Amino acid sequence: MIELSGLTKRYGERVAVNNLTFTVRPGIVTGFLGPNGAGKSTTMRMILGLDRPSAGDVRIDGRHYAQLHDPLRQIGALLDAKAMHGGRTAYNHLLCLAQSNGIPASRVTEVLDTVGLTPVARKRAKGFSLGMGQRLGIAGALLGDPRILMFDEPVNGLDPEGIHWIRNLMKSLAHQGRTVFVSSHLMSEMALTAEHLVVIGQGRLMADTSMADFIRENSRSYVTMRSPERERLLDVLHAAGIAVADGPDGAVEVDGVAAPELGELAARERLVLHELSPRQASLEEAFMQLTAESVEYHAHDGDPGAVRGGPAPGGGATSGGEGQWGAGWGGPEQRRRKG
Amino acid sequence: MTTPTQQPEQPGALPGAMYTSPIPVRPTHLGHALASEWTKIRSVRSTVWTLCVFVALVVGIGLLVGWKTSGETYTDVPYTIPALFGLMLGQICLITLGVLVVTSEYGTGMIRTTFTAAPQRHRVLAAKFLVFFALAYTVSAVSITVVGLATAAINEIPSGPGENWGTSVLLGSLYVSLLGVLGLAVGSMLRHSAGAITAMLGVVLVPAIMPAFLMISPALRGIGETMLEYNAPNSLSALFGTAMYDGQAGGVPQLLALLGITLVAVAGAFALLEKRDV
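Calculation notes
- Residues numbered from 1 in each chain as written.
- Chains lettered and ligands numbered in written order.
- Predicted model: local features only at pLDDT ≥ 70, side-chain atom pairs only at ≥ 80, totals over all residues.
- UniProt positions renumbered as here; feature names shortened; annotations may be inferred.
- Helix = DSSP H or I, 4+ residues; strand = E, 2+ residues; numbered from the N terminus.
- Buried ≥ 20, exposed ≤ 12 C-beta atoms within 10 Å, placed from the backbone.
- Contact = placed C-beta atoms within 7 Å.
- Pairing = 2+ DSSP bridges.
- Axes fitted to C-alpha atoms, helices over the stretch in contact; angles between N-to-C directions.
- Parallel < 35°, antiparallel > 145°, perpendicular 65-115°, else oblique.
- Left-handed = near helix turned anticlockwise from the far one by under 90°.
- Nonpolar A, V, L, I, M, F, W, Y, C, P; charged D, E, K, R; others polar.
- Core = buried A, V, L, I, M, F, W, Y, C linked by C-beta atoms within 7 Å.
- Expected span 1.5 Å × (residues − 1).

Chain B is annotated in an unreviewed UniProt entry as ABC transporter of Streptomyces albidoflavus.

You'll find chain A entered in an unreviewed UniProt entry as ABC transporter ATP-binding protein, with Streptomyces albidoflavus given as the organism. UniProt, in its Sequence similarities (unreviewed entry) section for chain A, records the words "Belongs to the ABC transporter superfamily."

Caption draft 1: Geometry of the overall build of chain B. Each helix and strand counted, chain B has eleven helices and zero strands in total. For chain B, the α and β elements follow one another from N to C terminus as α-α-α-α-α-α-α-α-α-α-α. Put simply, chain B has 278 residues, and 43% of those count as buried. At a minimum sequence separation of 6, the contacts of chain B that also span at least 24 residues come to 79%.

Caption draft 2: Fine view of the sheet that holds strand S2 (residues 14–24) of chain A. Residues and elements named next belong to chain A. Spatially, the three strands line up as an open sheet ordered S2-S1-S4, and their pairing is antiparallel. The sheet is open, and its two edges are formed by S2 and strand S4 (55–60), each paired on a single side. The average undirected angle you get between the axes of adjacent strands in this sheet is 20°. Sheet strands in contact with helix H1 (residues 40–47) are strand S1 (2–11), S2 and S4, and its direction is about 115° off that of S1.

Caption draft 3: Representation of the packing of helix H3 (residues 81–108) of chain B against helix H5 (residues 121–154) of chain B. All names here are of chain B. Contact geometry for H3 and H5: axes closest at 11 Å, N-to-C directions at 165°. Between H3 and H5, the angle is such that the two are roughly antiparallel. Where H3 crosses over H5, the handedness of that crossing is right-handed. On H5, the residues touching Pro82, Ala83, Leu94, Gly98, Val101 and Val102 of H3 are Lys128, Phe132, Ala136, Ser143, Ile144, Val147, Gly148 and Thr151. Tallied by class, residues from the contact of H3 with H5 come to nine nonpolar, four polar and one charged.

Caption draft 4: Just unusual backbone geometry, in detail. All names here are of chain A. For asparagine 19, which is not a glycine, the phi torsion comes out positive at approximately 50°. Turning to its location among the elements, asparagine 19 is positioned in strand S2. By C-beta crowding, asparagine 19 is classed as partly exposed, having 15 other C-beta atoms within 10 Å. For aspartate 145, which is not a glycine, the phi torsion comes out positive at approximately 50°. You can call aspartate 145 buried: it has 23 C-beta atoms within 10 Å.

Caption draft 5: Focus on the interface of chain B and chain A. Of the residues lining the interface, 42 residues belong to chain B; the matching set on chain A comes to 51 residues. Elements with a contribution of two residues or more to the side of chain B that touches chain A: helix H1 (30–42), helix H2 (45–68), H3 and helix H4 (110–117) of chain B. Tallied by class, residues from the side of chain B that touches chain A come to 19 nonpolar, 17 polar and six charged.

Caption draft 6: Looking closely at the nonpolar core. Among the nonpolar cores identified, the biggest contains 139 residues, and Leu94, Ala139, Leu143 and Met150 of chain A together with Val58 and Phe132 of chain B are the most heavily contacted of them. Counting residues per element, this core draws most heavily on H3 of chain B, which supplies 13 residues. Apart from the residues within four sequence positions on either side, leucine 143 of chain A is in contact with Leu72, Gly76, Leu94, Leu97, Ala98, Ile103, Arg107 and Val111 of chain A. Among the nonpolar cores identified, the runner-up in size contains eight residues, and Val223, Leu233, Leu237 and Leu262 of chain A belong to it.

Caption draft 7: Representation of the UniProt feature "transmembrane region" (unreviewed entry) in chain B. Residues and elements named next belong to chain B. Per the UniProt record, "transmembrane region" (unreviewed entry) is found at residues 48–67, 79–102, 129–153, 165–187, 199–220 and 255–273. Overall, residues 48–67 shows 100% helix and 0% strand. The separation of its end C-alpha atoms is 27 Å. In residues 165–187, the share of helix is 96% and the share of strand is 0%. The end C-alpha atoms are 33 Å apart.

Caption draft 8: Representation of the pairing of S2 of chain A. Residue and element names in this part refer to chain A. Strand direction decides the pairing type here: S1 and S2, joined by seven bridges, are antiparallel. Bridging across to S2, isoleucine 2 finds its partner in valine 24. Connecting the antiparallel pair S1 and S2 is a turn made up of two residues, with glycine 12 showing a positive phi of about 65°.

Caption draft 9: Main features of the environment of proline 233 of chain B. Residue and element names in this part refer to chain B. Relative to the elements of secondary structure, proline 233 occurs in helix H10 (residues 232–239). A tally of 18 C-beta atoms within 10 Å means that proline 233 is categorised as partly exposed. Residues proline 233 and leucine 182, spaced 51 residues apart in sequence, show a C-alpha to C-alpha distance of 16 Å. Every residue in contact with proline 233, bar those within four places of it in the chain, is listed here: Met88 and Ala208.

Caption draft 10: Main features of the sheet that holds strand S13 (residues 275–280) of chain A. All names here are of chain A. Read from one edge to the other, the open sheet built from four strands follows the order S11-S12-S10-S13, with strand pairing classed as antiparallel. Sheet topology places strand S11 (244–246) and S13 at the edges, where each strand pairs with a single neighbour. When the angles between neighbouring strand axes are averaged without regard to direction, this sheet yields 30°. Pairing between S11 and strand S12 (residues 252–255): three bridges, direction antiparallel. Across the sheet, the residue bridging to alanine 245 is glutamate 253, located in S12. Packing against the sheet, helix H9 (residues 230–239) makes contact with strand S10 (221–226), S11 and S12, and its axis sits at approximately 15° to S12.

Caption draft 11: Expanded view of the pairing of strand S9 (residues 204–210) of chain A. Note that strand S8 (residues 196–201) of chain A and S9 of chain A share six bridges and pair antiparallel. Within the sheet, the bridge partner assigned to isoleucine 200 of chain A lies in S9 of chain A and is leucine 205 of chain A.

Caption draft 12: Representation of helix H6 (residues 160–175) of chain A. Residues and elements named next belong to chain A. Between its first and last C-alpha, H6 extends 23 Å over 16 residues, near the 22 Å set by a 1.5 Å rise per residue. For H6, the set of buried residues is Ile166, Leu169, Met170, Leu173, Ala174 and His175. Looking at the packing, one finds that the buried side of H6 touches strand S3 (29–33), strand S6 (148–152), strand S7 (179–184) and helix H7 (187–193). Just past H6, the residue glycine 177 takes up positive phi, approximately 95°.

Caption draft 13: Representation of the environment of leucine 171 of chain B in the model. All names here are of chain B. When you line up the elements, leucine 171 lands in helix H6 (residues 166–190). A tally of 18 C-beta atoms within 10 Å means that leucine 171 is categorised as partly exposed. Taking the C-alpha atoms as reference points, leucine 171 and methionine 88, 83 residues apart in sequence, are found 14 Å from one another. With near-sequence residues (within four places) excluded, leucine 171 lies in contact with Leu239, Gly251 and Leu255.

What follows is the structure, encoded as structure tokens:
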């Protein structure tokens, strides 16, 4: 169990993490989601006692991280795949970690086998691909057979087989009754693994909810209609008291009315339809809507092509958001890298 | 699907039930940190190479000099004198190694893994100091002894003060090892390999070069003389009983001065370690 209360981190004027309060419970995979630069890694570093919080408190099973005398036995963490000395072999890297916590050396061989690095155990880490480095980091997290596991963007650099493997690993770890806390900036990834969701944006808590609730509340269903007589279609819908929104390429989007009803309405009015399709906004769109206000820089200045005509009703969670989605997140990321 | 533990996955494990590891829990102590640091220091090539260069310099130059000298040289100086020339160069190796022991962790990001595994940061740093000092001291003491024994064997040496070479082994090794420890402390504070090595080269070289300029002005003469006496090469020579600049001190005050500076730097390293984010 990881408990955060009022956790805050300031770097000068900038508030990286702002008054975060939530609890990560055992037995389930908790997804930690946020745009790049939202403060996910900073939060994780504070949980591990690497960064000192400016305010607030974080406890691991009721204790501060610095009070843990055998931390690898309590909490295993993968922060950064390259947080190791490249000149050291995989085996020796894990051995020095094991020794610092009094873990027997036999355990090193076990975890190397678990992550599938046994063939390269005696190779120096600098020759490893990102995926192999990621696996070695995961081996380090599993070393102490801990009750709590924390992974920062674990699927980065893994091939499809590796991604499949890490998903199953996280689920099985949680099933054994462990606390699994995993960060990502990809909603699609989280939807496949996490049962609980903590969303942050600009360091603030945006949502702390179960995945099922998040899907129920945030996935908007609507119907896309397309007609050669667009103006008449709008008039008909307006006359029937149905609210509409502009879709991409002259399409019309209707909220809250089922497709059969709309089809029958069009038939009564003898209106030609080229498209009548029920749609569901993806979770990524829902996530983007949730964090839209928190993204520091919007995409407009960087990639004008990605911006659509005007703000659509329904808070901007309209279809065709893919371009906006990627671009909206590229903004802060690119700027931060440059800075 | 492999599970990370050897124990079979319990089908009845309820979500929410706390997981308990089958590995017995042992509270950690300094011994664990020492074992870990020893593994770290021996498992990278740069350590091994740096120490090899050090031994090659001290023993290689030492044997050459010992071979080219005759017995009369050692009437009033210890047999280990030939090792002094190698040590002058070799001390740079120990300084570099001391710096790298800690800065390589900051450079690679390993430090985050280290402090995650051992949040008692002072224990990690203490283990680094102890392991490095023990290693540096042992390697330099053995190298100097080898040179002393070889010189005594090659040359027909008349009995005299030259036979008392034990002190030069003990204190000479201590001096160069302390320079390395100072490097480690500076590295821990600066967290940057190049910066820390440059700073340490300054510490060793500037007091050896500056006096040439300071001596010009009568007002600064006092400072210049102190620098001449206390700079690293001269201190080391004094400990071998053949100071280049003959002050009244016979090496021990210089050693104590270095010890003092090193202790201050070590204290600074510990103080900063707890305050800063990693």
